[in-house]
Amino acid sequence: MEDNGESNMMRNGSSRKGSFRLGLGGVNGGKKDHTVELGSIDTQRLLLSGGGGVGERDQKQQPLNNSLSPRQMKSLTALCDTILPSINDFVCHSDESVANFYRISASMAGTPERLGGLICERLKHPMTGLLKLVLWLLSTWFGTIIFCGIACLSFQFPFIHSYPQLSLQKRQQIMRSWSLSFLPHFRMLFRTVKLLTLLVFFTQLDESEENSSWKAIGYCGPDPEFKAQLKNHFLHGRTSKGGQEDKEDDDAEEVIGPLYKGLVHLNYPRDITADALRRFGFPVSVIRRKPKVAANLSSPSLAIQCDAVVVGSGSGGGVVAGMLAKAGYKVLVLEKGSYSARNNLSLLEGPSMDQMYLSSGLVATDDMSVFILSGSTVGGGSAVNWSACIKTPDHVCKEWCDRHGLELFESELYKEAMDAICEKMGVQSEIEDEGFNNAILRKGCQEMGYPVSNIPRNSPPDHYCGWCCMGCKDGRKKGTSETWLVDLVKSGNGAILPGCEAIKVLHKKKKGSDRKTACGVAFEFEYKGAKDICVVESKVTIVACGALSTPQLLKRSGLKNKNIGRNLHLHPVTMAWGYFPDAPGASEVWPEAYKKSYEGGIMTAMSPVVAEFEKSGYGAVIQTPALHPGMFSIVMPWVSGPDIKDRMRKYSRTAHIFALARDQGSGTVNSPSRISYQMEDIDEENLKKGLDKVLRILAAAGAEEIGTHHNKGRTLNVKQVSYHEFEKFVEEESSRTLTDLSTPLCSAHQMGSCRMGSNPKESVVNQTGETWEMEDLYVADASVFPTALGVNPMITVQAIAYCTAQSVLQALKRKRSK
């Protein structure tokens, strides 16, 4: 996650309500100084109280700093109100929340101001500067001519109007023309404005942590069970008093999770932090600098010694850290993101994206063709993923062994690794009650005769929770923060430092050789509003930052291998939707009226009908997503203000199903904000085949209305058309190009950017996970995948990390015996 005000608040342990009152549009207010005696840090008390240096739980928050000029804000407000205008001529509705939803515009809700702050402080995309320029140009008559053409001309003075001066009808016509323009930059502009406006509007919060639209669209906000859980813990006091230490520990773990004893927060003076680390058994040197001398690599604040330093705590780093610590080695885990204690979860979409996703969830390829979600928190992607635990398919293991010379993937060790991983996470495939989207996928497949199967998950059969993408409220989803990192903490041999970004792998020249050897990591963090730097001296270094961040760290550390950052695969996804009304008073409603699109296990069913598992191995699997209002709104087509509001009114009963391609196309990642990607033609064809099947599945399951996400926004009322009309619609919608910015593509899996191989000319690491260039430097995340995987990658990441950990253990044993 980007090192910004909100992530800093979470590092400091702030509370749910105090941290994120404004959703995607808020940051921390002023901090209060706390006096802490040396050695008195109590992480359990800190997390239970929601304290840690940021003041009270209900402290008021200030908006993000919006540095846009008045001209730019005038244009931005007009654009936002074009996407979401005030509508007064809608059909009269007895529900006041619905009437209010139609009446309120983006500017009436304060969306432009929040969005301005987000653009200035959060948006790291390379086109951000161009967006600011466009906002200024649209406030001028000559800029409006460039972007809007003759639509800005008038027979009345001043004859040429700037975009904000145009009528709503003209502005919507222009917006529509951008969405369908043959010029890609206009389509990119439309996509950017639409995405940011809708995302901020549907995730922003008022003082009571509500959104004015939620009741009208049938959304309940955070999980109601979680609300009751918080009330129970905080209003009635769950922790024990007076000598009942075991009971107190159990209660604390239930409230804040099992890692609290292993966390070291760096927002205290250096002596206090050093003392805390020493209590974990790490030798620490405190380096005194002259006042006003900035921290640098040659003069860090702290020098910490350990056996192994692991950069990243997700599915790769968490496994390696847990295994090494359990084997008796001193392990330090550095995590860029924050630690989200259970009581500090919000289960609110906007705050959760701020708190738990890379760059607050605002990541896309350079050309805006693919939206990208990547976890960035303690536990990494395993903390926010959708629970799917699919073993590496046999055809993929065979391909990686035969074509890439990696015998590991057909070895007994790798099979042992997958079994051990699944056992650790309690993987099982039973379902007690299937959620809305998955029930529709399963029924549609059965009606069509398509194969469909249960997805193994790291959660129990009765886990009916649609909020897993925002963290696990009770620990029943067994990500690394509930499994491998618990081993690290319980071993007494490790510690986790949240809010630390590795800036360089330290290395030295190996004696008697030209080869370098890794000897630790330098990392930075924020302390009292300024950057500070510490170094970790280690015997081995494991990098597990994820496929978007690992390449940047390796390059900054001096590695020159040309494959670093290349061969990035994204598992591109395209979706279709179906509307299943819950007609009041109807005797038979399916799915049952109580079921909503955002509730239930996120992934429980999957169809391989176009996966090509038995043939080429390169096809598309069909699954279901988690779409809360913000994400739902940005993928749905926009054709006008009234239309998007009508679509959102159907939100709670609109199912989504997607096709995910095992992509042969690839891209390059220079940093998490500089990503290029190009699908191959075969990838696009596989997605089109998947989209054809998805539309048929939705119709067969009983959808009243179906459609795709193409900018034209066409829909079909399945109940009112002939077979011929249905076939024509499916054929036309599934044959549209997917590479021209007219249909949003998404990615939740990134892999291959530091791939494993049998030689340094084609790969970055060998099959032990060690880099070809630098001894004692290992990579243990999805970046080492030789190709795209084709299914959800958590088991594969953890199994490879398990095998890499075995290699690291052997290296440490050799060093210990010297």
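Data block above holds the structure.
Conventions we followed
Residues numbered from 1 in each chain as written. Predicted model: local features only at pLDDT ≥ 70, side-chain atom pairs only at ≥ 80, totals over all residues. Heavy atoms only, no water. Helix = DSSP H or I, 4+ residues; strand = E, 2+ residues; numbered from the N terminus. Expected span 1.5 Å × (residues − 1). Buried < 20%, exposed > 50% of the residue type's maximum accessible area, 1.4 Å probe, protein only. Arc of directions from axis to C-beta. Contact = heavy atoms within 4.5 Å. Axes fitted to C-alpha atoms, helices over the stretch in contact; angles between N-to-C directions. Parallel < 35°, antiparallel > 145°, perpendicular 65-115°, else oblique. Nonpolar A, V, L, I, M, F, W, Y, C, P; charged D, E, K, R; others polar. Patch = residues over 30% accessible without salt bridge, like charges linked within 9 Å, V, L, I, M, F, W, Y side chains within 5 Å. Areas by Shrake-Rupley, 256 points an atom, 1.4 Å probe, with all protein chains shown as cover. Salt bridge = Lys/Arg side-chain N within 4 Å of Asp/Glu carboxyl O. Polar contact = N/O pair within 3.5 Å; in protein donor to acceptor, adjacent residues only side chain to side chain. Lys, Arg positive; Asp, Glu negative; His and termini not counted. Charge placed at Lys NZ, Arg CZ, Asp CG, Glu CD. Pairing = 2+ DSSP bridges.

1. Thoughts on helix α9 (residues 168-179)
Between its first and last C-alpha atoms α9 spans 16 Å; for twelve residues at 1.5 Å apiece the expected length is 16 Å, and the two agree. Residues of α9 that are buried include every one of R171, Q172, I174, M175, W178 and S179, and no others. Looking down the long axis of α9, one finds its buried residues gathered within 160 degrees of arc, a one-sided arrangement. The elements touched by buried residues of α9 are α4 (70-83), α7 (128-138), α8 (141-148), α10 (184-203) and α24 (641-649).

2. Topic: the packing of helix α20 (residues 436-448) against helix α25 (residues 681-700)
Two elements in contact, α20 and α25, have axes separated by 7 Å at closest approach and are oriented at 95 degrees. One way to sum up the angle between α20 and α25 is to call them roughly perpendicular. Here I440, L441, G444, C445, E447 and M448 of α20 lie close against α25, whose contacting residues are R696, I697, L698 and A700. Its residues placed into classes, the contact of α20 with α25 shows seven nonpolar, one polar and two charged.

3. Some remarks on a nonpolar patch on the surface
Judged by side-chain polarity, L130, L133, W136, W141, F142, I145, I150 and L153 come together as a nonpolar surface patch covering roughly 770 Å² of accessible area. Elements that contribute at least two residues to the nonpolar patch include exactly α7 and α8. Mapping L153 onto the fold places it in the loop between α8 and α9. L153 gets classed as partly exposed once you look at its relative accessible area, which sits at 40%.

4. Points about the side chain of H749
On the secondary structure map, H749 appears in the loop between β21 (745-747) and β22 (774-775). The buried category is assigned to H749, whose relative accessible area is 12%. There is a polar contact of 3.0 Å between the side chain of H749 and the side chain of H571. Apart from residues no more than four positions distant in its own chain, H749 is found in contact with H569, L570, H571, L660, V791, N792 and P793.

5. Focus: a positive patch on the surface
A cluster of like positive charges, contributed by K555, K562, R566 and K761, occupies part of the molecular surface. Relative to the elements of secondary structure, R566 occurs in the loop between α22 (550-556) and β13 (573-579).

6. Some details on the pairing of strand β16 (residues 654-661)
Counting buried positions over the eight residues of β16 gives eight, a clear majority of the element. With burial as the criterion, each face of β16 is covered, one bearing T654, H656, F658 and L660 and the other bearing A655, I657, A659 and A661. In this structure, β13 lies alongside β16, joined through seven bridges in antiparallel fashion. Opposite W577, over in β16, you have H656 as the bridge partner.

7. Things to note about helix α16 (residues 349-356)
Spacing of three or four residues puts side chains on the same side of an α-helix, whose turn is 3.6 residues. Across the eight residues that make up α16, a large majority, eight, are buried. Looking only at α16, the buried set comprises E349, G350, P351, S352, M353, D354, Q355 and M356.

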